[in-house]
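Reading the structure
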Amino acid sequence: MATSSELKSRMSGIRETKKVTDAMYMISSVKMRRAKCDMLETHPYFTALKKEITELLRFIPETQNKYFQSKPEHKGARHGLLLVTSDKGLAGGYNQNAIKMAEEFVDQSPNTLLFIVGEYGRTHFANRNVPYDTNFEFSAAIASMWEARRICLYILEFFNTGRVDDISIIYSDPEAGNGSECQLQCLLPLARSSFRPEEGVSEKASKEDWNTKEFYPDPNTVLDCIVPSYLAGYIYSSLIDSYFDEQEARMSAMSVAGKNAEDMIKQLKVEYNRVRQAKITREMVEIASGARALKKKRQMLQSEGHRLEQPNQ
């Protein structure tokens, strides 16, 4: 059984740990609010790019654009997978959910090249000797559009040179469900079905539409230029969504850790009071026993003295 000093030391350590978890909770809440603002500002940009591509496709009904080829289904297809994780742990199931989905993807498609955002994911796969692109080193800290463009250009080089036949992305979407809901989406090639015009608008441009639009040098070339911007916007939106979900997961984890610390302190207080009470009781028993012993000894001494005095009388 622990002593009172050991229990006090343990309670002190848990209180210090709780201060850290509370501080991390506050920091994550500030980061989450910032990420939410960025997320709300990102979606209109992404929506506008998608609308422009939808409009372009109306003028190219039978496009042979490399970004809109059908996804290869044969066994020898080379896949690229962009995985978004965090730089640090202590975020509940945020990283584990994304990594588990990536591992399932790699198991089903062994010929996969991993591009990992975030130190946590890179460390995980390095420890398990799973190959990934070691030159792809991007942080999961709150993203900028510049960073998203760099990521986009890097993975586009693999697609344009034929080193991969398709590229998918795994990220966390806070709007898809409650907490750390992972999404697996195909980035390239793009599906034409994902770019449907609004209701009431024809999918094929009419002669009147051609008279109101002018593409230089042609719609297909314009499409080649705008698709990378669309992909960069999609990646940027994914990074922001994942960062938001990471902070939300970390807040939840730190809140649970704080509550557990409080419960542990309460239990330790009960145990400390029990040990302290037992110590006090033991000391009281020792004092009472000592007092009885002294009283008995005094009585014995008095009785002995009385017997010694009687012969003299």
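Each chain has its residues counted from 1, following the order in which its sequence is written. A pLDDT threshold of at least 70 governs which residues receive local features in this predicted model, and a stricter bar of 80 or more applies before side-chain atom pairs are shown or counted, although totals over entire chains, interfaces and linings include all residues. Only heavy atoms go into the side-chain values, all of them from the structure, while hydrogens and water stay out.

Two strands qualify as a pair provided that DSSP identifies no fewer than 2 bridges between them. Helix and strand labels come from DSSP, where a helix needs a run of H or I of at least four residues and a strand needs a run of E of at least two; each type is numbered from the N terminus. The four strands are arranged 2-1-3-4 in an open sheet whose pairing can be described as mixed. Because the sheet does not close on itself, it has two edges, and the strands there are strand 2 (112–117) and strand 4 (182–188). In this sheet, neighbouring strand axes are inclined to one another by 20 degrees on average, regardless of whether the strands run parallel or antiparallel. When strand 1 (residues 79–84) meets strand 3 (residues 166–172), the two strands line up parallel, connected through five bridges. Pairing of leucine 81 across the sheet is with serine 168, part of strand 3. Here a residue-residue contact requires only that any non-hydrogen atoms of the pair lie within 4.5 Å. Simply put, an axis is a line fit to the C-alpha atoms, just over the touching stretch for a helix, and the angle between two N-to-C directions goes from 0 to 180 degrees. Lying over the sheet, helix 2 (residues 94–108) contacts strand 1, strand 2, strand 3 and strand 4, oriented at roughly 175 degrees with respect to strand 1. On the sheet, helix 4 (residues 145–160) packs against strand 1, strand 2, strand 3 and strand 4 and is oriented at approximately 175 degrees with respect to strand 2.

When a carboxyl oxygen of Asp or Glu lies within 4 Å of a side-chain nitrogen of Lys or Arg, that pair is called a salt bridge. For the coordinates displayed, the defined rule picks out seven salt bridges. Between arginine 78 and aspartate 165 there is a salt bridge, with its nearest N and O atoms 3.4 Å apart. Taken as a pair, arginine 78 in the loop between helix 1 (4–58) and strand 1 and aspartate 165 in the loop between helix 4 and strand 3 lie far apart in primary sequence, 87 residues in all. A relative accessible area of 34% means that arginine 78 is categorised as partly exposed. A salt bridge links arginine 250 to glutamate 246, with the nearest nitrogen and oxygen atoms 2.9 Å apart. With arginine 250 and glutamate 246 both in helix 6 (residues 219–312) and four residues apart, the pair spans about one turn of that helix. A single burial state applies to arginine 250 and to glutamate 246, both of which are buried. One network of salt bridges, in which partners are shared, links Lys18, Asp22 and Glu262. For each residue, the accessible area found with a 1.4 Å probe, counting protein chains only, is set against the maximum for its type, and the residue is called buried under 20%, exposed over 50%, and partly exposed in between.

Time to look at the packing of helix 2 against helix 3 (residues 119–127). Running from amino to carboxyl end, helix 2 crosses helix 3 at an angle of 50 degrees, the nearest separation of the two axes being 11 Å. In terms of orientation, helix 2 and helix 3 fall into the oblique class. Of the two elements, helix 2 crosses helix 3, and the hand of that crossing is right-handed. Mapping the contact onto sequence places Asn95, Gln96, Ile99, Ala102 and Glu103 in helix 2 and Tyr120, Gly121, His124 and Phe125 in helix 3. In what follows, roughly perpendicular refers to angles from 65 to 115 degrees, roughly parallel to angles under 35, roughly antiparallel to angles over 145, and oblique to any angle outside these ranges. A clockwise turn of the near helix away from the far one marks a right-handed crossing, whereas an anticlockwise turn of less than a right angle marks a left-handed crossing.

Next up on the list: helix 4. Residues separated by three or four positions in an α-helix point in the same direction, a consequence of the helix having 3.6 residues per turn. Helix length check: helix 4, at 16 residues, gives a terminal C-alpha distance of 22 Å against a target of 22 Å (1.5 Å per residue), a fit within 8%. Among the residues of helix 4, Glu147, Ala148, Ile151, Cys152, Ile155, Leu156, Phe158 and Phe159 are the ones counted as buried. The buried residues of helix 4 occupy an angular sector of 165 degrees when projected down its axis, which confines them to one face. Looking at helix 4, the residues exposed on the side facing more than 90 degrees away from the buried face are Trp146 and Leu153. Two residues or fewer after helix 4 comes glycine 162, characterised by a positive phi angle close to 80 degrees. Expected span of a helix: the number of residues minus one, times 1.5 Å. Working definition: the arc comes from the directions between the helix axis and the C-beta atoms, pointing outward to the latter.

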